[in-house]
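Overview (structure and organization)
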Amino acid sequence: MIDLVIEEAKETMGKSVSSLKNELKRVRTGRASLSLLDGIKVDYYGTSTPLNQIASLAVPESRLMTIQPWDVSVIKDIEKAILKSDLGLTPGNDGKVVRISVPPLTEERRKSLVKVIHKMSEEHKVAIRNIRREANEQLKSMKKDGDISEDDAFKAQEKIQKMTDDFIKMIDAVYAEKEKEILEF
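In what follows, the accompanying structure is described. Remember, it's a predicted structure, so these values are computed and weren't measured experimentally.

All right, on to the packing of helix H3 (residues 107-144) against helix H4 (residues 150-183) then. For the pair H3 and H4, interaxial distance at closest approach is 10 Å and the crossing angle is 170°. By the angle between their axes, H3 is roughly antiparallel relative to H4. Along the lines of polarity and charge, the residues of the contact of H3 with H4 split into 15 nonpolar, seven polar and 10 charged.

Structure below.
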């Protein structure tokens, strides 16, 4: 029973770390990356469709992305979706291909992005601490019901605390890597 509580907490904490990694992929770093376009959905004949399902995406240069729709009639819709996405990118098209130039970030913008990713990482740390709290509450109720001994509950809580510390270190490492990437010229 104790192993089940610990395993469940570990799995949920792992999901929190991968969720942070996915969120950070969408933060712009001054380099063109197709992951910037991941969350963009285009109105394609009345259906909200992910951009990568209606066009081929490419990064021909470090500061340029190209989007070549399979159906050229949706170019205007693709441009609208990119403009609405809050990425701060302006698309341009030649009738067949949408080009997005990724401008270099200003120092001020870099610092504000670091604040944004710091906030994201702190939110995920709080989520991990909440998972720890829930697991400890489960252990306490098991101890109260007489399912486990006090020693077993104490050892399990220590294990959960060590696991929490490890996952928080992972979040700090992911944050530090992204911060370095943003501040890099």
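Past the structure itself, the notes keep going.
A few words on the packing of helix H1 (residues 2-25) against H3. Between H1 and H3, whose axes approach to 10 Å, the crossing angle comes to 170°. Between H1 and H3, the angle falls in the class roughly antiparallel. Along its contact with H1, which presents Ile 2, Val 5, Glu 8, Ala 9, Thr 12, Met 13, Ser 16, Val 17, Ser 19, Leu 20, Glu 23 and Leu 24, the element H3 presents Ile 117, Met 120, Ser 121, His 124, Ala 127, Ile 128, Ile 131, Arg 132, Ala 135, Gln 138, Leu 139 and Met 142.

Bringing the sheet that holds strand E5 (residues 91-93) into the picture now. What the four strands build is an open sheet, ordered E3-E4-E6-E5; its pairing is antiparallel. Lying at the two open borders of the sheet, with one neighbouring strand each, are strand E3 (55-61) and E5. Adjacent strand axes in the sheet meet at a mean angle of 25°, parallel and antiparallel pairs treated alike. Looking at chain direction, strand E4 (residues 64-69) and strand E6 (residues 98-101) are connected through four bridges and run antiparallel. In the strand pairing of E6, Thr 66 is matched with Arg 99.

On to the pairing of E6, then. Alternating positions in E6 separate cleanly, Val 98 and Ile 100 being buried on one face and Arg 99 and Ser 101 remaining unburied on the opposite face. In terms of strand pairing, E5 meets E6 through three bridges, oriented antiparallel. Within the sheet, the bridge partner assigned to Pro 91 lies in E6 and is Ile 100. Where E5 hands over to E6, the hairpin turn is made up of four residues, of which Gly 95 adopts a positive phi near 100°.

Now for the layout of surface pockets. Estimates place the volume of the largest pocket at around 300 Å³. In terms of lining, the largest pocket is formed by 16 residues, of which the most central are Lys 21, Leu 24, Lys 25, Lys 178 and Glu 181. Counting only elements with at least two residues in the lining of the largest pocket, the list comes to H1 and H4. The leading source of residues in the lining of the largest pocket is H4, at five residues. Classifying every residue of the lining of the largest pocket by side-chain character gives six nonpolar, three polar and seven charged. The calculated volume of the second largest pocket comes to roughly 210 Å³. Contributing to the lining of the second largest pocket are 11 residues, with Arg 26, Val 27, Asp 86, Leu 87 and Arg 109 lying nearest its centre. Per-element accounting of the lining of the second largest pocket gives the leading share, four residues, to H3.

Rules behind the numbers
- Residues numbered from 1 in each chain as written.
- Predicted model: local features only at pLDDT ≥ 70, side-chain atom pairs only at ≥ 80, totals over all residues.
- Heavy atoms only, no water.
- Axes fitted to C-alpha atoms, helices over the stretch in contact; angles between N-to-C directions.
- Helix = DSSP H or I, 4+ residues; strand = E, 2+ residues; numbered from the N terminus.
- Parallel < 35°, antiparallel > 145°, perpendicular 65-115°, else oblique.
- Nonpolar A, V, L, I, M, F, W, Y, C, P; charged D, E, K, R; others polar.
- Contact = heavy atoms within 4.5 Å.
- Pairing = 2+ DSSP bridges.
- Buried < 20%, exposed > 50% of the residue type's maximum accessible area, 1.4 Å probe, protein only.
- 1 Å grid on protein atoms, 1.4 Å probe; cavity = no way out; pocket = protein on both sides within 12 Å on 5 of 7 lines; lining within 4 Å.
- Points joined across faces, edges and corners; volume = space filled by probe spheres on them.

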